[in-house]
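# Reading the structure
One-letter residues, chain by chain:
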Amino acid sequence: MSDVIVGVDIGTSKVSTVIGKTNNTGEVEILGKGIESCSGIKKGIIVDIEATSNSIQSSVKKAEAQAELKVGSAYVNISGLHVDIINHKTYTNIASDSREISRHDVEKLLYAAGTISIPDDSEIIDVVPRQFIVDGYDGINDPVGMKGTKLEGDFDVVVGKIISIQNIVRSMEKAGIKVDGLIAEGFAAGECILLPDEKDMGVILIDIGGGTTEISVYKDEKLVMNRCLPVGGDHITNDLSIALKMTYAESEKIKRQFQLALTTLIKNDQEISVNDLSESFKKNIKVSDAIEVIEARVYEIFSLCKDLVYTNCPGSYGAGVVLSGNGISTLDGAMQIAYDIFDIPVRVAAPKVKNIPTLDYCTAAGMVKYIARQDKEASTISIKSIPKANKKVRERTFLKKVISALKDFFY
Ligand SMILES: Nc1ncnc2c1ncn2[C@@H]1O[C@H](COP(=O)(O)OP(=O)(O)OP(=O)(O)O)[C@@H](O)[C@H]1O
Ligand SMILES: [Mg+2]
């Protein structure tokens, strides 16, 4: 049971749960998955803990039934809306006579990175090493056992807003699930979708969900940017209801019926009969009236993404853009629009994990893979702490273990 890893993706539209296990060959095997729609989240923010926890509970139950096991705890995602990833470099001199770098030296660096000063309303969620540098030689994943006099660590310190973390933890606990750790979506997002070569060449992963657009940028195999825009597929539906004066439900129906984002792809611009906003009469609209509205929003979202990426991480992206999430990637023409805006190759993501058939489970399965990889690679030491807000859970965390291990060292 101990090698079972559970990932829960709390999204604006749905909660997805994936239960996985590392098999003898080190591969992640998916044992069960479950999904439940969610109405407790608006634009990526939990606004109703009760509704969110009900969705979590139901999604976990479905996964439990498939996996035939009971889930006590799980990892949960936290959107880029609520986290900042601060790159922090620190170093230590190797004191031992042998000059051999020990795990202790690495943990000391990790601990130092975990004590950087952060805003009062925030909490450190994780400290993830990007690379280690030994006596000036960079790109080292695992320095333990190497000889050197100076060990430098290049870390991503993941800092989350306390209030958002508390709401996530409360929703999980109300559903009867303890939190093993919070994972910034950017770290999990690519695990199930991107190839190592793509991460190496440079790639922009855009996950457009219901209420948010999560942008994860990878270069040289590392996550270099994870940001989130509070806009997604639900805004397209909203635009349709405002522009064409239809109910939200009618707009969602039209969006899903045509699944188009480009007016030039309309084959037959016929008139269709829709319910008016008042729901008291029917009226005719042209298909192009609806697709024009969708097209405008899709152009806008991709333009915002491009600005964010190239302002923060200028450079070239050899592996192009990968579109994920159900918000836009399901629409015909979305790839062409993304190509128009970014002017680099674009593809729609396809899950690369066995038994993960749709994009719905990619974030949850990505979390399972991410944790499995960390467990496997001793070098990928990471602190997965839980905020002060939840001391009981914090007791179980790696941070706690690291701190107690280091007490002897410091005092
Ligand atoms: N077949 C479809 N055609 C068009 N749009 C769709 C279709 N299916 C789902 N969507 C849209 O996808 C969006 C939900 O996407 P997704 O399931 O990726 O969101 P989420 O992960 O729950 O949300 P977020 O990541 O923003 O927190 C909604 O706006 C929904 O209208
Ligand atoms: Mg999502």
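Residues numbered from 1 in each chain as written. Chains lettered and ligands numbered in written order. Predicted model: local features only at pLDDT ≥ 70, side-chain atom pairs only at ≥ 80, totals over all residues. Heavy atoms only, no water.

## Comments concerning the sheet that holds strand 14 (residues 222-229)
To be explicit about the condition: We call two strands paired when DSSP finds no fewer than two bridges between them. A run of DSSP states H or I qualifies as a helix once it reaches four residues; a run of E qualifies as a strand once it reaches two. Both are numbered from the N-terminal end. To get an axis, fit a line to the C-alpha atoms, keeping to the stretch in contact for a helix; angles then go from 0 to 180 degrees between the N-to-C directions. Contacts are assigned to residue pairs with any non-hydrogen atoms lying within 4.5 Å of each other.
Across the sheet, which stays open at both edges, the five strands sit in the order 14-13-12-17-18 with mixed pairing between neighbours. Both edges of this open sheet fall to strand 14 and strand 18 (346-348), since each of them pairs with a single strand only. Pairwise comparison of adjacent strand axes, ignoring direction, gives a mean angle of 20 degrees for this sheet. Of the pairings in the sheet, the one linking strand 17 (residues 321-324) to strand 18 comprises three bridges and is parallel in character. When the bridges of strand 18 are listed, Val321 appears paired with Val346. Contacting strand 12 (203-208), strand 13 (213-219), strand 14 and strand 17, helix 8 (residues 287-312) crosses the sheet at an angle of about 140 degrees to strand 14.

## A closer look at the packing of helix 6 (residues 233-244) against helix 7 (residues 248-258)
Note the threshold: Every angle not falling under 35 degrees, over 145, or within 65 to 115 is termed oblique; those three ranges are roughly parallel, roughly antiparallel and roughly perpendicular. Crossings are sorted by hand: turned counterclockwise from the far helix by less than a right angle, the near helix makes the crossing left-handed, and turned clockwise it makes it right-handed. Polarity classes work like this: nonpolar for Ala, Val, Leu, Ile, Met, Phe, Trp, Tyr, Cys and Pro, charged for Asp, Glu, Lys and Arg, and polar for all others, with Gly in that last group.
Where helix 6 contacts helix 7, the two axes come as close as 8 Å, and the packing angle between them is 115 degrees. It follows from the interaxial angle that helix 6 and helix 7 lie roughly perpendicular. For helix 6 against helix 7, the interelement crossing comes out right-handed. Between helix 6, through Gly233, Asp234, Ile236, Thr237, Asn238, Leu240 and Ser241, and helix 7, the contact on the second element is made entirely by Tyr248, Ser251, Glu252 and Lys255. In terms of residue class, the contact of helix 6 with helix 7 is made up of three nonpolar, five polar and three charged.

## Notes on the pattern of salt bridges
Cut-off, in case you're wondering: Any Lys or Arg side-chain nitrogen located within 4 Å of an Asp or Glu carboxyl oxygen qualifies as a salt bridge.
Following the criterion strictly, the structure yields 14 salt bridges and no others. Note that Lys174 is salt-bridged to Glu50, the shortest N-O span being 2.9 Å. In this pair, Lys174 is assigned in helix 3 (residues 162-174) and Glu50 in helix 1 (residues 49-67), connecting sequence segments 124 residues apart. For the salt bridge of Glu191 with Arg373, the shortest nitrogen-to-oxygen distance reads 2.5 Å. Residue Glu191 is found in the loop between helix 4 (185-189) and helix 5 (196-201), and its partner Arg373 is found in helix 10 (residues 362-376); the two are separated by 182 residues along the sequence. Here the salt bridges share partners, and the residues they tie into one network are Asp239, Arg297 and Glu300.

## Describing the site of ligand 1
Our working rule: The cutoff for a nearby residue is simple: one of its non-hydrogen atoms must lie within 4 Å of the molecule or strand. The term polar contact refers here to a pair of N or O atoms within 3.5 Å; inside protein, the definition further demands a hydrogen-donor-capable atom paired with an acceptor-capable atom, and it admits residues adjacent in sequence only when both atoms are side-chain atoms. Each accessible area is a Shrake-Rupley estimate made with a 1.4 Å probe; only the visible protein chains count as cover when residues are assessed.
The local shell around ligand 1 holds 20 residues, among which Thr12, Ser13, Asp234, Glu252 and Gln259 are the closest. One nitrogen or oxygen atom from the main chain of Gly211 is found 3.1 Å from an oxygen atom belonging to ligand 1. Protein burial of ligand 1: of its 660 Å² of free accessible surface, 89% is covered by the chains. When contributions to the shell around ligand 1 are tallied by element, the ones reaching two or more residues are helix 6 and helix 7. In terms of residue count, the dominant contributor to the shell around ligand 1 is helix 7 (three residues). Residues of the shell around ligand 1, tallied by class, amount to two nonpolar, 13 polar and five charged.

## Brief notes about the UniProt feature "domain: SHS2" (unreviewed entry) in the protein
Let me state the cut-off plainly: UniProt positions are given in the numbering used here, feature names are shortened, and annotations may be inferred rather than shown by experiment.
Here the UniProt-annotated "domain: SHS2" (unreviewed entry) positions come out as residues 5-193. Note that residues 5-193 is 25% helix and 43% strand, and that its end C-alpha atoms are spaced 19 Å apart.

## Structural notes on the state of the cysteines
Note the cut-off: Two cysteine sulfur atoms make up a disulfide if the distance between them is within 2.5 Å.
Here the structure, examined in full by the defined rule, presents zero disulfides. Here Cys192 is not cross-linked by a disulfide; its sulfur's nearest cysteine counterpart is in Cys362, at 3.9 Å. Distance from the sulfur of Cys305, which forms no disulfide, to the nearest cysteine sulfur (Cys228) is 9.6 Å.

## Looking at the domain arrangement of the protein
Inclusion rule: How far each domain reaches was decided by an automatic or database domain assignment. Note on terms: buried area is the combined drop in 1.4 Å-probe accessible area of two parts once they are placed together, counting the loss on both.
Its domain assignment divides the protein into domain 1 (4-81 + 164-194 + 354-376), domain 2 (84-157 + 390-410), domain 3 (200-230 + 296-348) and domain 4 (233-293). Here the C-alpha centroids of domain 1 and domain 3 sit 23 Å apart. Contact residues are listed per partner, giving 18 residues for domain 1 and 20 residues for domain 3. Of the roughly 1,400 Å² buried where domain 1 meets domain 3, counting both sides, 60% is carbon and sulfur surface. Our count for the contact surface shared by domain 1 and domain 3 stands at zero salt bridges. Residues belonging to the side of domain 1 that touches domain 3 are distributed by class as follows: seven nonpolar, eight polar and three charged.

## What to know about the sheet that holds strand 2 (residues 14-22)
The strand order across the open sheet built from five strands is 3-2-1-6-11, with neighbouring strands paired in mixed fashion. With partners counted over all chains shown, the strands left at the sheet margins are strand 3 (28-37) and strand 11 (178-184), one partner each. Taken pair by pair, the neighbouring strands of this sheet meet at an average axis angle of 25 degrees, ignoring direction. Pairing geometry for strand 1 (residues 4-10) and strand 6 (residues 73-78), over two bridges, is parallel. Pairing of Val8 across the sheet is with Val76, part of strand 6. On the sheet, helix 1 packs against strand 1, strand 2 and strand 3 and is oriented at approximately 145 degrees with respect to strand 3. Along the sheet, helix 3 makes contact with strand 1, strand 6 and strand 11, crossing strand 6 at roughly 145 degrees.

## A few points about the nonpolar core
For clarity, the threshold we go by: As used in this record, nonpolar core signifies buried Ala, Val, Leu, Ile, Met, Phe, Trp, Tyr and Cys residues forming a set joined through side-chain atoms within 4.5 Å. Throughout this description, buried means an accessible area under 20% of the type-specific maximum (1.4 Å probe, protein chains only), exposed means over 50%, and partly exposed covers the range between.
With 62 residues, the main nonpolar core has Ile10 and Met172 as its most contacted residues. Here this core gets eight residues from one element, more than from any other, and that element is helix 10. Among the domains, domain 1 (4-81 + 164-194 + 354-376) and domain 3 (200-230 + 296-348) are the pair contributing at least three residues each to this core. Membership of the second largest hydrophobic core comes to 44 residues, among which are Tyr317, Val321, Leu331 and Ile337.

## Topic: helix 7
By the burial criterion, the buried members of helix 7 are Glu250, Ser251, Glu252, Ile254 and Lys255. Tucked inside the fold, the buried residues of helix 7 contact helix 6, strand 15 (271-275) and helix 8. Remark: Gln259 follows helix 7 within two positions and exhibits a positive phi of approximately 45 degrees.

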